[in-house]
Amino acid sequence: MPPTAIRELLRTLPKVEDLLHASCIEALAGRVPRPLIVEAVRAAVDQARAAILEGARTQVDTQGIERDACSRALALGRPSLRRVINASGVIIHTNLGRSALAPAAVQAACDVARGYSTLEYDTSTLARGSRHDHCERLICALTGAEAAVAVNNNAAAVMLVLSEFAAGHEAVVSRGELVEIGGSFRVPDIMALSHAQMVEVGTTNKTHVADYARAIQADTSMLLKVHPSNYRMIGFTESVDVRELRRLADAENERRHAGTGVAPAGAPDELLVYEDQGSGVLVHLATLGEHAEPTVADSVARGCDLVSFSGDKLLGGPQAGIVVGAKRHIDRLKANPLARALRLDKMTLAALEATLRLYLDGERAASEVPTLRMLVEPAETVRLRAEKLVEALTAALPPQCAALSLVEEVGRAGGGALPMCDIPTWAVRVEFLRGDALSCERYLVSEREVPVVGRIKRDALLLDARTVLEGEGDEIARAVASYFEEGLA
Ligand SMILES: *Cc1c(COP(=O)(O)O)cnc(C)c1O
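Worth saying up front: this structure is predicted, and the values here are computed from it rather than measured.

Asks: Help me understand the overall build of the chain, please; the structure alone is not making it clear to me.
Replies: For the chain, the count of helices and strands is 20 helices and 18 strands. Principal-axis analysis of the C-alpha atoms places the extent of the chain at approximately 85 × 65 × 60 Å. Expressed as a percentage of the 489 residues in the chain, the buried residues total 48%. Across the chain, the fraction of contacts at a sequence separation of at least 24, relative to all contacts at a separation of at least 6, is 75%. Surface summary for the chain: the accessible area is close to 24000 Å², and the carbon and sulfur share equals 52%. Of the charged side chains in the chain, 54 are positive and 65 negative, and the gap between their average positions amounts to 3 Å.

Asks: In this structure, what is going on with unusual backbone geometry? I would like to understand it.
Replies: Look at L126: it is not a glycine, yet its phi comes out positive at around 55°. Mapped onto the fold, L126 is located in the loop between β3 (121–122) and β4 (127–128).

Asks: How should the packing of helix α4 (residues 34–53) against helix α5 (residues 62–77) be read in this particular structure?
Replies: When two helices pack together, their arrangement is given by the angle between their axes and by how far apart the axes lie. Look at α4 against α5: their axes get within 8 Å of each other, and the N-to-C directions meet at 135°. With respect to their mutual orientation, α4 and α5 come out oblique. Here the hand of the crossing between α4 and α5 comes out right-handed. Only I65, D68, A69, R72, A73, L76 and G77 of α5 make contact with α4, whose side of the interface consists of L36, I37, E39, A40, V41, A43, A44, V45, Q47 and A48. Residue composition of the contact of α4 with α5, by class: 12 nonpolar, 2 polar and 3 charged.

Asks: I would appreciate a short explanation of the nonpolar core in the present structure.
Replies: Nonpolar side chains in soluble globular proteins tend to end up buried together. Counting residues in each nonpolar core, the largest one holds 54 residues, and the members touching the most others are V324 and L356. Residue assignment places this core across two domains, with domain 2 (85–93 + 375–487) and domain 3 (103–368) each supplying three or more. Those residues within four positions of V324 in sequence are excluded, and the remaining contacts are I139, T143, A145, A147, A148, V296, V300, D305, L306, V307, F309 and I330. In terms of nonpolar packing, the next biggest core, distinct from the first, is built from 32 residues, V149, A171, L272 and L333 among them.

Asks: Explanation requested: the site of the ligand in the structure shown.
Replies: In the neighbourhood of the ligand, the contacting residues comprise R98, N153, N154, A155, I181, F185, H227, S229, D276, G278, S310 and K313. Within the side chain of R98, one N or O atom sits 2.8 Å away from an oxygen atom of the ligand. Residue K313 places a side-chain N or O atom 2.7 Å away from an oxygen atom belonging to the ligand. Here the ligand has 380 Å² of accessible area as a free molecule, and 93% of this is covered by the chains. Every element with two or more residues in the shell around the ligand is listed here: α8 (154–165) and β11 (272–278). Split by residue class, the shell around the ligand holds 3 nonpolar, 6 polar and 3 charged.

Asks: Would you mind going over the environment of L20 with me for this structure?
Replies: If you trace the backbone, L20 turns up in the loop between α2 (16–19) and α3 (23–26). Residue classification places L20 among the buried positions, given a relative accessible area of 6%.

Asks: Looking at this model, I keep getting lost on the packing of aromatic side chains. Mind explaining?
Replies: How two aromatic rings sit relative to each other is given by the distance of their centres and the angle of their planes. Applying the stated criterion to the full structure yields 4 aromatic pairs. Plain terms: the ring middles of F432 and Y483 are 5.9 Å apart, the flat faces sit at 85° to each other, and that makes the pair edge-to-face. With F432 in strand β15 (residues 423–432) and Y483 in helix α20 (residues 472–487), this residue pair connects regions lying 51 residues apart in the sequence. By the burial criterion, F432 is buried, and Y483 matches it. Ring centres 5.0 Å apart and planes at 65° place the aromatic pair Y483 and F484 in the edge-to-face group. Grouping residues by exposure puts Y483 and F484 together as buried. Clustering of aromatic rings is evident, with ring pairs tying together F432, Y443, Y483 and F484. The ring of F236 carries the charged tip of K206 above its face, separated from the ring centre by 3.7 Å. Across from the ring centre of W426, 4.4 Å away, lies the NZ or CZ of R383, which sits over that ring.

Asks: Where do I start with the side chain of T371 in this structure?
Replies: Position of T371 relative to the elements: it lies in helix α17 (residues 370–376). For T371, a relative accessible area of 2% gives the class buried. Here S99 takes part through its side chain, which lies 2.7 Å from a polar atom of the side chain of T371. In contact with T371, not counting residues within four places along its chain, are I91, I92, S99, A100, K313, L314 and G316.

Asks: Sorry, what's going on with the domain arrangement of the chain here?
Replies: Interface extent is often summarised as the accessible area lost during association of the parts. Each assigned domain of the chain is listed with its residue range as follows: domain 1 (3–77), domain 2 (85–93 + 375–487) and domain 3 (103–368). Distance from the C-alpha centre of domain 1 to the C-alpha centre of domain 3: 51 Å.

Rules used throughout
- Residues numbered from 1 in each chain as written.
- Predicted model: local features only at pLDDT ≥ 70, side-chain atom pairs only at ≥ 80, totals over all residues.
- Heavy atoms only, no water.
- Helix = DSSP H or I, 4+ residues; strand = E, 2+ residues; numbered from the N terminus.
- Buried < 20%, exposed > 50% of the residue type's maximum accessible area, 1.4 Å probe, protein only.
- Contact = heavy atoms within 4.5 Å.
- Areas by Shrake-Rupley, 256 points an atom, 1.4 Å probe, with all protein chains shown as cover.
- Lys, Arg positive; Asp, Glu negative; His and termini not counted.
- Charge placed at Lys NZ, Arg CZ, Asp CG, Glu CD.
- Axes fitted to C-alpha atoms, helices over the stretch in contact; angles between N-to-C directions.
- Parallel < 35°, antiparallel > 145°, perpendicular 65-115°, else oblique.
- Left-handed = near helix turned anticlockwise from the far one by under 90°.
- Nonpolar A, V, L, I, M, F, W, Y, C, P; charged D, E, K, R; others polar.
- Core = buried A, V, L, I, M, F, W, Y, C linked by side-chain atoms within 4.5 Å.
- Domains from an automatic or database assignment.
- Near = heavy atom within 4 Å.
- Polar contact = N/O pair within 3.5 Å; in protein donor to acceptor, adjacent residues only side chain to side chain.
- Phe/Tyr/Trp six-rings, centres within 6.5 Å; stacked < 30°, edge-to-face > 60°.
- Lys NZ or Arg CZ within 6 Å of the ring centre and 35° of its normal.

What follows is the structure, encoded as structure tokens:
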């Protein structure tokens, strides 16, 4: 379109003021707060203007703009961050908030949120306390470490460790562990950001002890090991055990402390072994068999100076990043200005402390921490829940709409944890006699106050019972029933 025609078209766009008096917009009053209606109308007009400028529109569709404004206003009117029912079978679903919290953790977070708390108040000395104290002893008891500190997430923990100990110095890492972990966490990038000088050793598939040994210089600050998360190499591969890195570091530290050789000015006086463990397993999950991963305690016992892990992956707590290690190292981390910027808030600390307390009794943790329970729950128990869901659906659905069956499926831990571990699970398969799986999926996610997330397989909707929480079965049944009652209308 010629520029003059575009200008002409832009002139005919309805004014925000006028649209606010359109009958369908005025009908929103009382249902949606006025500032959000104005915001929605503005966004709808902006969108129409952008479409004209791009040449995508040759006419102004005022009614279309009104409808757009209306649905935007309704969407803005309801909470954006809200509960979701996870029937996907992916346990640590990063898009759905990773881990559901244990009831005790929810209660603890609510209690400190509602009023004042002992966040930085020491009740034995009646003086200022430290927020670091609430979880430290618990983490030490559970991991065998001497000291611990918790920050905003594991990415922050890695950043903090590298900044404190490796900034301006060399840090040695295997080429097989230079991974990207979902959501733009890339090991080389985070090393550059923290001013660590990355020294890559080995090859993509194989790294030997000798590769690390050759790379160690007077200025080497750490041997870094990164858990490859959801990335696995199969076949001709080799990586170096933490115990061997420990031996290398011990030998090097002996040399440094004997004062032989000339250390450059400002060179680190200790070579550290640091493992970014990622998912943070606190208990041995025997039911996972060969897929069971070393616990944080294992990494500490094998000789890591520092280990970091997430609070909301296999640990099943709130979003957090935890670093454990010797007190002299952890004290330095606590004193780093970054620790202040990355610190946890009171609600997260309360939830983390309550979750850790459940772990003091392994059986209690396995039954009360939802992530852990979902991981270890026997398939037969999941099947019983799936059967209940079939019953609820049968009772709720209008006749002749869908055919329901129980199917055996394979679930995933998710969150980059245990990627090779197939978790046997049971799902309800909904075959559509009216409507179809895709439009039902869209309805369940986009149109519901509490979205229901399942998955599509061969033109059917699968609702996996492993990740469905207590009481959610009836909600799922009502949601699917309303797809046939109003979603199809
Ligand atoms: C998940 C993960 C991270 C990032 O942890 P967040 O808690 O998501 O910040 C870092 N390193 C490894 C090995 C991980 O698995």
